[in-house]
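Spelled out from the first residue to the last, the chains are:
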Amino acid sequence: MKLITLACVAASAAAFSTGPVERPATALNMDRRAAAGQIAAGAAVIAGLPNLALADGAKSAATVSRARGIYGQRIAALEDAVSKGDFGAVAAEKNAFILYNSGAITSKDKQAAAVKQTNAIFAAIRGKDAGALKKAYGDYKSAQDIAVIVVDKEKGQGYSNDYDFKTRTNLGTIYVR
């Protein structure tokens, strides 16, 4: 019985004693400086990833149609201002020309030609030459096939979905009987 009691005391003493202290080996066995360096390198890679998502002008038929409709109509609406020689009105729509050139024209060669024609328009505005403005504007409109779109509100609808360029314009009415 004394032997059993002694065995129990030895077992409980061994259970509550401290064992050898050593760090377990892990796959990430590194010091703080190395860990901070890896975290910084990972952050730099993650910070650079959004640049990969930037598109350089992906153009589908829908985006080209939308750009032609929205900005082409703004350019076509300048016909009266050009005929009157209103340089301020044409200059106010500079962004329409820029956005039309970048969104409605898919070919780089045609886009470069359109930019040259746009530059001719704004050179005429800077020179206050109404004749040169009319000629440059007419050349631009004919080269880009820009015309005012007229929707017959009595015979059909003005738009068919929210992505249509006529949605929030005066062309975008839906005929309801």
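Overview of the structure. Nothing here was measured: the structure is a model prediction, and the numbers come from that model.

## Some words on the packing of helix α3 (residues 61–76) against helix α6 (residues 94–103)
At a minimum axis distance of 9 Å, the contact between α3 and α6 shows a crossing angle of 155°. When the axes of α3 and α6 are compared, the pair comes out roughly antiparallel. The two elements α3 and α6 cross, and the hand of that crossing is left-handed. Where α3 abuts α6, its residues T63, V64, A67, R68, Y71, G72, R74 and I75 lie against A96, F97, L99, Y100 and G103.

## Focus: the pattern of salt bridges
Inspection of every chain in the model, using the stated rule, returns three salt bridges. As a salt-bridge pair, E79 and K141 come within 2.7 Å of each other at their nearest N and O atoms. Taken as a pair, E79 in helix α4 (residues 79–84) and K141 in helix α8 (residues 130–144) lie far apart in primary sequence, 62 residues in all. On the basis of relative accessibility, which here comes to 36%, the residue E79 falls in the partly exposed class. Among the salt bridges present, the one from K135 reaches D139, with a minimum N-O distance of 2.9 Å. On the criterion of helical spacing, the pair formed by K135 and D139 is a turn pair, its members being four residues apart in helix α8. Residue classification places K135 among the exposed residues on the basis of a relative accessible area of 55%. A relative accessible area of 35% places D139 in the partly exposed class.

## Observations regarding α6
Note on helix geometry: an α-helix contains 3.6 residues per turn, so any two residues three or four positions apart are oriented the same way. Looking only at α6, the buried set comprises A96, F97, Y100, N101 and G103. Elements in contact with the buried residues of α6: α3, α5 (87–92), α7 (108–126) and α8.

## Quick notes on unusual backbone geometry
If you check the backbone angles, K128 has positive phi at about 55° while not being a glycine. As for its placement among the helices and strands, K128 is situated in the loop between α7 and α8. Look at K128 and you get exposed, because its relative accessible area is 58%. Within the chain, D145 stands out as a residue other than glycine whose phi angle is a positive 55°. Take D145: it is sitting in the segment after α8.

## Section: the environment of V148
Checked against the element boundaries, V148 lands in the segment after α8. When its relative accessible area of 53% is taken as the criterion, V148 is described as exposed. With 75 residues separating them in the primary sequence, V148 and Q73 have C-alpha atoms 6.0 Å apart. Not counting the four nearest positions on each side in its chain, V148 is found in contact with Q73 and A76.

## Describing the packing of α7 against α8
At a minimum axis distance of 8 Å, the contact between α7 and α8 shows a crossing angle of 160°. Here α7 lies roughly antiparallel to α8, going by the angle between them. For α7 against α8, the interelement crossing comes out left-handed. Contacts from A114, Q117, T118, A120, I121, A124 and I125 in α7 reach A132, L133, A136, Y137, D139, Y140, A143 and Q144 in α8. By residue class, the composition of the contact of α7 with α8 is 11 nonpolar, three polar and one charged.

Each value, and the rule that gives it
Residues numbered from 1 in each chain as written. Predicted model: local features only at pLDDT ≥ 70, side-chain atom pairs only at ≥ 80, totals over all residues. Heavy atoms only, no water. Axes fitted to C-alpha atoms, helices over the stretch in contact; angles between N-to-C directions. Helix = DSSP H or I, 4+ residues; strand = E, 2+ residues; numbered from the N terminus. Parallel < 35°, antiparallel > 145°, perpendicular 65-115°, else oblique. Left-handed = near helix turned anticlockwise from the far one by under 90°. Contact = heavy atoms within 4.5 Å. Salt bridge = Lys/Arg side-chain N within 4 Å of Asp/Glu carboxyl O. Buried < 20%, exposed > 50% of the residue type's maximum accessible area, 1.4 Å probe, protein only. Nonpolar A, V, L, I, M, F, W, Y, C, P; charged D, E, K, R; others polar.

Keep in mind these numbers describe shape, not what the thing actually does.
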